[in-house]
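Tertiary structure, described
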Amino acid sequence: MAPVADTDKYDASQFQKSHVGRTKSGSYTVSKHNRELALYPEYLPTWNPHQKFPAYTFAEYHDKGLLADPELKNLFPGGLGTHDDYSVKRITPRLGSEVHGIQLSQLSDAAKNDLARFVAERGVVVFKNQDFNDGGPQSAVDFARYFGSLYKHATSGSPEGYPELHVCFRGASEEEIAGVFANRTNSISWHSDCSYALNALQLTLFSCLQIPEAGGDTLFASTVEAYNRLSPAMKERLEGLHVLHSSIEQARNNRDAGGITRREPEANIHPLVRVNPVTKQKHLYLNKEFGRRIVELKEDELDYLLSFLYDHVEKAQDLQLRIRWEENTVVLWNNSTTIHSPCVDFDEPVIRHAYRISVMGERPVGDLQYLNDPDYLKEKYEQLGI
Ligand SMILES: [Fe+2]
């Protein structure tokens, strides 16, 4: 059977047994010790045991990147490269760019459209020296909302009143460090955030609030380049295949750890090869964390194929990059054309505090003629009884 999420995996966004504190309103939060050490207490994670969200249903999505200037002149008036007031440089030829001298908080709507297109084109865009965190959770929500509806996670921690913020908080405790490698030899866990959602999480913003001197890098891999590297025969083999993605194991692990469930877990079927509506590029859409099976194949067949595809994306360092976080770095990524992994390599009990906001994009399609078609894959859902 295809690999499933590791039940012993450490996930800093989920409830930990060391999160023993309570807010004034009765929600769970991090321990008093960690609250006192936190530099941004307004962003600390909370879990309200009485909070419930309805199930997501299909929603049309029109990517802001489709409104962009093809030359991105609203975002980069002088073009790419180095200029007096800003610079834009590629991190690797096919994945990632780094921007200096532009404040996300000051962008016009037209510049945000260009930003959506640029992130779709480059997969990962790193903005240095941002003033983003100073405005508090509301300013982050206001910024991201321009691009579409913001995803509310079923089980992760969020600041009270801001369920759109998915907080990653690793506490300063020996217990949390000890737990990471208790049953694992590494912390690498490649995934696309919440790929089990019907409308896929698309444009994603991640900002670090409090970081250690070293440790906690994030790894990214391009699923566009991973697809392009395949032979024509393998590309042909993958066409028309679909993957079942599920959050059932994530919900169970969280419940076992004492966490809350705001929305019932879900499972959805998505094409193995997706097309990005902005760039029109094909890319693989699968990840070990939430992918469960290829619905058209028998178990032995899908084990063989998934094993190759996971290895292909996860081990090819020549289609990957690694972000080293700094104070006031904000990263935007396309959660469909890339996968990513945390790197939990800390050697001492220090806080790492960050948050993520994700815009809900289109329902994934293998052919753009089905974009925003609510009946897409209806027969497959009926076949599987979901
Ligand atoms: Fe993630």
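Everything numeric here is computed off the predicted structure, so don't read it as measured data. (Residues numbered from 1 in each chain as written. Predicted model: local features only at pLDDT ≥ 70, side-chain atom pairs only at ≥ 80, totals over all residues.)

**Topic: helix α2 (residues 109–122)**
Inclusion rule: Think of it this way: any DSSP run of H or I at least four residues long counts as a helix, any run of E at least two long counts as a strand, and we number them from the N terminus. Here a helix's expected span is defined as the number of its residues, less one, multiplied by 1.5 Å. Partly exposed residues are those whose C-beta has more than 12 but fewer than 20 other C-beta atoms within 10 Å; 20 or more makes a residue buried and 12 or fewer makes it exposed, with C-beta atoms placed from the backbone. By definition, residue pairs are in contact when their C-beta atoms, positioned from the backbone, come within 7 Å.
Between its terminal C-alpha atoms α2 stretches 20 Å, which fits the 20 Å expected from 14 residues at 1.5 Å a residue. Among the 14 residues in α2, eleven count as buried, and that is most of the element. When α2 is considered as a whole, its buried residues turn out to be Ala111, Lys112, Asn113, Asp114, Leu115, Ala116, Arg117, Phe118, Val119, Ala120 and Arg122. Summarising the contacts, the buried residues of α2 are in contact with β6 (97–100), β7 (124–127), β9 (201–210) and β17 (330–334). The first or second residue beyond α2 is Gly123, which carries a positive phi of 80 degrees.

**Some words on the environment of Leu107**
Tracing the backbone through its elements, the reader meets Leu107 in the loop between β6 and α2. Through-space distance from the C-alpha of Leu107 to that of Leu75 is 7.7 Å; in sequence the pair is 32 residues apart. Residues in contact with Leu107, not counting those within four places in the same chain, are Lys112 and Leu115.

**Quick word on the sheet that holds strand β2 (residues 28–29)**
Either a parallel or an antiparallel arrangement is found when strands of a sheet pair, and the pairing is made through backbone hydrogen bonds. Operational definition: The criterion for strand pairing is that DSSP finds at least two bridges linking the strands in question.
As summarised here, the arrangement of the three strands in space is β1-β2-β3, forming an open sheet in which the pairing is antiparallel. Whereas interior strands pair on both sides, the edge strands pair on one side only; in this sheet they are β1 (21–22) and β3 (46–47).

**Observations regarding unusual backbone geometry**
Excluding glycine, residues mostly have negative phi values, and the peptide bonds linking residues are mostly trans. Despite not being glycine, Leu72 shows a phi value in the positive range, around 60 degrees. By the element assignment, Leu72 lies in the loop between β3 and β4 (81–82). Phi is positive for Asn328, close to 65 degrees, though the residue is something other than glycine. Residue placement: Asn328 occurs in the loop between β16 (320–323) and β17.

**A few points about helix α8 (residues 299–315)**
An α-helical turn contains 3.6 residues, so a residue and the one three or four places further along point in the same direction. The criterion, for reference: What the arc covers is the set of directions going from the helix axis to the C-beta atoms.
Over its 17 residues, α8 runs 23 Å from end to end, which matches the ideal 24 Å to within 8%, given 1.5 Å per residue. Within the sequence span of α8, burial applies to Leu302, Leu306, Leu309 and Val313. Along the axis of α8, the buried positions cluster into a sector of 70 degrees, meaning they face one direction only. Away from its buried face, by an angle of more than 90 degrees, α8 presents the exposed residues Asp300, Tyr304, Phe308, Asp311 and Lys315. Where α8 is buried, its residues touch β10 (218–222), α5 (223–228), β14 (282–284), β15 (291–294) and β18 (338–342).

**Concerning the sheet that holds strand β11 (residues 242–246)**
For clarity, the threshold we go by: Axis angles are defined between N-to-C directions and span 0 to 180 degrees, where every axis is a line fitted to C-alpha atoms and, for a helix, only to the segment in contact.
Ordered in space as β12-β11-β15, the three strands form an open sheet in which the pairing is antiparallel. Of all strands in the sheet, those with a lone pairing partner are β12 (267–271) and β15, marking the two edges. Pairwise comparison of adjacent strand axes, ignoring direction, gives a mean angle of 30 degrees for this sheet. Summarising the sheet, β11 and β12 pair through five bridges and their orientation is antiparallel. Bridge pairing in β12 links Val243 to His270.

**Remarks on the nonpolar core**
Here is the rule we go by: As used throughout, a nonpolar core is a set of buried Ala, Val, Leu, Ile, Met, Phe, Trp, Tyr and Cys residues joined through C-beta atoms within 7 Å of each other.
Val119, Val124, Val125, Leu284, Val331 and Tyr355 are the most contacted members of the largest nonpolar core, which totals 74 residues. Once residues within four sequence positions are removed from consideration, Tyr355 is found in contact with Tyr43, Leu165, His166, Val167, Cys168, Ser207 and Leu209.

**Considerations on the environment of Leu67**
By the element assignment, Leu67 lies in the loop between β3 and β4. C-alpha separation for the pair Leu67 and Lys112, spaced 45 residues apart in sequence, amounts to 9.6 Å.

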